Amino acid sequence: MLDIQKIRAEFPILSQTVNGKPLVYFDNGATSQKPQIVIDAIAKYYQEINANIHRGVHTLSQLATDAYEISRGKVQHHINAKFTHEVLFTSGTTHGINLVTNGFASILKPGDEVIVSSLEHHSNIVPWQMLCEKTGATLKVIPMNEDGELIMEAYEALLSEKTKVVTVNHISNALGIINPIKYMIEKAHAVGAAVLIDGAQAVPHLKPDVQDLDCDFYAFSGHKMCGPTGTGILYGKEVWLNKLPPYQGGGEMIKEVTFEKTTYADLPHKFEAGTPNIAGGIVLGTAIDYLNTVGFENIQKQEEELLAHATKRLLEIEGLKIYGTGKNKASVVSFNIDGIHPYDIGSIIDKLGIAVRTGHHCAQPIMNFFCIPGTIRASFSFYNTVEEIDLMVEAVKKAKTMLS
Ligand SMILES: *Cc1c(COP(=O)(O)O)cnc(C)c1O
């Protein structure tokens, strides 16, 4: 069992008061808080080894390069990628997805099809729409049911030899539903389509195994998994990364430049133009080490308990409806109370120190499906407690009384 109080003490922000109340941070789906070891590692980089990477012969540059590449190796090991050069540093999930859609612009033809799911975050919808506009390909959408689960029969009916790419999130940010991605990847591969998994909401809760999943791309952000903002990873299978053209041109991504012709650097550098977020990339490795020290089994156990407790306690409130009632769920509860706007509840409970997200959660199609303007989303991390959930439930009850 986790010693939650000891873990909480590692996160300085959690001992703050907000509006005169102890902070209850339930907006982990938007970004996670950072442990002291991550905060310290950022300062340590700038204090001790700050230099540009992959270019200098001098000692600091070597140290910084080594630290950056060690971090890449940690990520490779963490997600079980076959090669280190299949791990690209990005600024986040959004960057990773755009890198892939940009690459497919030179591959897709009119009549080709791209399949997205109805559970996607805007950052896994809009880049694909832009790609389809550019190439004349058609966007198809996997529908979902009332429980917020993707309908597999409908998905399989959409697949054909026209399908070139399938993209789906591992875990839905708005509802917390865990999608059957391994099955979906297998079905997509059977028609020869490539698959991108948006893992932004999965990596805080589990350790993805990209070889076991057999996905072609897996994108995630560092900031939702205790790492710094402006960091992320795009995993891509070697064969695909070799096939796709570079995303941005610039320094660091070339082999040789003349005005007649430029040849590109080998992987992963072909996709890493310019000076990256060096400190962030290194410290993402620190965050991954930290999560592995806590242990994903422990994380999942704690989060399952939080999810079960929150679901049970919230449903005691009359008129409260939870969205995303599918069986396979991460520690996210998205809900509304009859006749009350989610924003009003969010604002009142903020006065009571409770941070939740209200609104469409960058997933407007899901809100349209349920015919609602948005939800109140409480997303839990392993550092949250059952007592905090009780505080939230009391606060929501109070807000309901004030607003009814
Ligand atoms: C947060 C999130 C994104 C976007 O991540 P950024 O860090 O903003 O690039 C994409 N997809 C899902 C499912 C998310 O939760």
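Residues numbered from 1 in each chain as written. Predicted model: local features only at pLDDT ≥ 70, side-chain atom pairs only at ≥ 80, totals over all residues. Heavy atoms only, no water.

Q: Please set out the pattern of salt bridges residue by residue, giving values where relevant.
A: Tallied over the full model, the rule gives 16 salt bridges. A salt bridge links Glu-48 to Lys-44, with the nearest nitrogen and oxygen atoms 3.0 Å apart. Of this pair, Glu-48 and Lys-44 are both found in helix 2 (residues 36-49), four residues apart, which corresponds to roughly one turn of the helix. On the accessibility criterion, Lys-44 (47% relative accessible area) is partly exposed. Between Glu-394 and Arg-313 there is a salt bridge, with its nearest N and O atoms 3.4 Å apart. Placement of the pair is Glu-394 in helix 14 (residues 386-403) and Arg-313 in helix 11 (residues 296-314), with a sequence separation of 81 residues. Given a relative accessible area of 41%, Glu-394 falls into the partly exposed group. In the salt-bridge network here, residues are joined through shared partners; they are Arg-313, Glu-316, Asp-390, Glu-394 and Lys-397. (Salt bridge = Lys/Arg side-chain N within 4 Å of Asp/Glu carboxyl O. Helix = DSSP H or I, 4+ residues; strand = E, 2+ residues; numbered from the N terminus. Buried < 20%, exposed > 50% of the residue type's maximum accessible area, 1.4 Å probe, protein only.)

Q: Describe the domain arrangement of the chain, naming the residues involved and giving the relevant values.
A: For the chain, the assigned domains read domain 1 (4-30 + 296-403) and domain 2 (39-292). Once you take the C-alpha centre of each, domain 1 and domain 2 turn out to be 28 Å apart. Listed by partner, the interface residues are 34 residues for domain 1 and 33 residues for domain 2. Roughly 2,600 Å² is buried in total at the junction of domain 1 and domain 2, and carbon and sulfur atoms are behind 60% of that figure. At the surface where domain 1 touches domain 2, the tally comes to zero salt bridges. For the pair domain 1 and domain 2, the interface holds 15 residue pairs in polar contact (both at pLDDT 80 or more). (Domains from an automatic or database assignment. Contact = heavy atoms within 4.5 Å. Buried area = accessible area lost by both parts, 1.4 Å probe. Polar contact = N/O pair within 3.5 Å; in protein donor to acceptor, adjacent residues only side chain to side chain.)

Q: I'd like a rundown of the sheet that holds strand 13 (residues 320-323), residues and numbers included.
A: The four strands are arranged 13-14-17-16 in an open sheet whose pairing can be described as antiparallel. The two strands at the open ends of the sheet, each matched to only one other strand, are strand 13 and strand 16 (357-359). Shown here is a sheet whose adjacent strand axes are inclined to one another by a mean of 30°, direction ignored. Contacts from helix 11 reach strand 13 and strand 14 (332-337) within the one sheet, and its direction differs from that of strand 14 by about 10°. (Pairing = 2+ DSSP bridges. Axes fitted to C-alpha atoms, helices over the stretch in contact; angles between N-to-C directions.)

Q: Break down the site of the ligand for me, with residues and values.
A: Taken together, the residues surrounding the ligand are Thr-93, Thr-94, His-121, Ser-123, Asn-173, Asp-198, Ala-200, Gln-201, Ser-221, His-223 and Lys-224. Take Gln-201: an N or O atom from its side chain is 2.6 Å from an oxygen atom of the ligand. One of the side-chain N or O atoms of His-223 is found 2.7 Å from an oxygen atom in the ligand. Protein chains shield 86% of the accessible area of the ligand, which is 380 Å² for the free molecule. (Near = heavy atom within 4 Å. Areas by Shrake-Rupley, 256 points an atom, 1.4 Å probe, with all protein chains shown as cover.)

Q: Can you explain the environment of Gly-359? Please cite residues and give values.
A: Looking at the secondary structure, you find Gly-359 in strand 16. Judged by relative accessible area, Gly-359 falls into the partly exposed class, the value being 21%. For the pair Gly-359 and Phe-370, spaced eleven residues apart in the sequence, the C-alpha separation amounts to 13 Å. Contacts of Gly-359, omitting those with residues within four sequence positions, involve Met-367, Pro-373, Gly-374 and Thr-375.

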